[in-house]
Amino acid sequence: MNTDPVVTHPELQLIALDVNGERHDVVTEPRRTLVDVLRHDLRLTGTHVGCEHGICGACTVLVDERPVRACLMFAAQAEGARIRTVESLSDSAGGLNDLQRAFTEHHALQCGFCTPGFLMLAEGFLGERPGAGKEEIREVVASNLCRCTGYQTIVEAIDACATARRGACAQRCDSKEH
């Protein structure tokens, strides 16, 4: 008679995730968070884990172009959605995009731990509200925590990027009319 204890394994499931435009098939437990799958299974370590309670915003990613706390979402919930991480922001040559350059130019980062979350929050916000002014930006960035910058430089960087994007858009519209 076998007296070994029975070892149970959590139920596993196969999920397909669209991350940064690439399909990834992942076998995972149903209650595994999106941030854990991104970091540990897909090795996309730009998304940081801070509080694991949805408070700090370090794990912010875009899900269908909307900012989401990846520590509060199960990976299985993201199946069928388009997920973007901070790694998606680089330009086609692998360099910094306009938002990342604005953060650099305005000294909107210090230790850098919160920066990926702020970048993704800003990218989603500017996609939704391209005409936002500094007060709206200030209100939005207050949802993420930074212990180094005091937020002013982050607001200035996002505002500068938004202004530049609006200018580029206006130029494209003007050139199409002529």
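To be clear, the structure that these remarks concern was listed above.
Reading the values: rules and limits
Residues numbered from 1 in each chain as written. Predicted model: local features only at pLDDT ≥ 70, side-chain atom pairs only at ≥ 80, totals over all residues. Heavy atoms only, no water. Phe/Tyr/Trp six-rings, centres within 6.5 Å; stacked < 30°, edge-to-face > 60°. Helix = DSSP H or I, 4+ residues; strand = E, 2+ residues; numbered from the N terminus. Buried < 20%, exposed > 50% of the residue type's maximum accessible area, 1.4 Å probe, protein only. Pairing = 2+ DSSP bridges. Arc of directions from axis to C-beta. Polar contact = N/O pair within 3.5 Å; in protein donor to acceptor, adjacent residues only side chain to side chain. Axes fitted to C-alpha atoms, helices over the stretch in contact; angles between N-to-C directions. Contact = heavy atoms within 4.5 Å. Salt bridge = Lys/Arg side-chain N within 4 Å of Asp/Glu carboxyl O. Parallel < 35°, antiparallel > 145°, perpendicular 65-115°, else oblique. Left-handed = near helix turned anticlockwise from the far one by under 90°. Nonpolar A, V, L, I, M, F, W, Y, C, P; charged D, E, K, R; others polar.

A. Local environment of the packing of aromatic side chains. Tallied over the full model, the rule gives one aromatic pair. Their ring planes at 70 degrees and their centres at 6.0 Å tell us that phenylalanine 118 and tyrosine 151 sit as a pair that is edge-to-face. Of this pair, phenylalanine 118 sits in helix H3 (residues 115-128) while tyrosine 151 sits in the loop between helix H4 (134-141) and helix H5 (152-177); the two residues are 33 residues apart in sequence, bridging distant segments of the chain. Residue tyrosine 151 is classed as partly exposed on the basis of its relative accessible area, which comes to 22%.

B. Structural view of the pairing of strand S1 (residues 13-19). Two elements, S1 and strand S2 (residues 22-28), share seven bridges in a ladder whose sense is antiparallel. In the sheet register, leucine 14 faces S2, and the bridge partner there is valine 27. Counted along the chain from S1 to the antiparallel partner S2, the turn is two residues long, and its residue asparagine 20 has a positive phi close to 55 degrees.

C. Spatial organisation of helix H2 (residues 98-105). When we look at burial in H2, the residues that qualify are Leu99, Gln100, Ala102 and Phe103. The buried side chains of H2 occupy one side of the element, clustering within an arc of 160 degrees when seen end-on. Where H2 begins, one side-chain oxygen reaches toward the backbone nitrogen of leucine 99, 3.1 Å away; that side chain belongs to asparagine 97. Histidine 107 lies just past H2 and shows a positive phi near 55 degrees.

D. Spotlight on the sheet that holds strand S3 (residues 60-63). If you trace the five strands from one edge of the open sheet to the other, you get S2-S1-S5-S3-S4, paired in mixed fashion. Across the chains shown, the open sheet's two edge strands, defined by having one partner strand only, are S2 and strand S4 (66-69). Taken over all neighbouring pairs, the strand axes of this sheet differ in orientation by 40 degrees on average, direction set aside. Relative to S4, S3 is paired through four bridges, and the arrangement is antiparallel. When the bridges of S4 are listed, leucine 62 appears paired with proline 67. Lying on the sheet, H3 is in contact with S3, S4 and strand S5 (82-84); it crosses S3 at an angle near 35 degrees.

E. Spatial organisation of the pattern of salt bridges. With the rule as written, the count across this model stands at 10 salt bridges. Note that aspartate 25 is salt-bridged to arginine 23, the shortest N-O span being 2.9 Å.

F. Just the packing of H3 against H4, in detail. Where H3 meets H4, the closest approach of the two axes is 11 Å, and the angle between their N-to-C directions is 135 degrees. The angle between H3 and H4 falls in the class oblique. Both H3 and H4 take part in a crossing whose hand is right-handed. Across the interface between the two elements, Phe118, Leu121 and Phe125 of H3 pack against Glu136, Ile137, Val140 and Val141 of H4. For the contact of H3 with H4, the class distribution of residues is six nonpolar, no polar and one charged.

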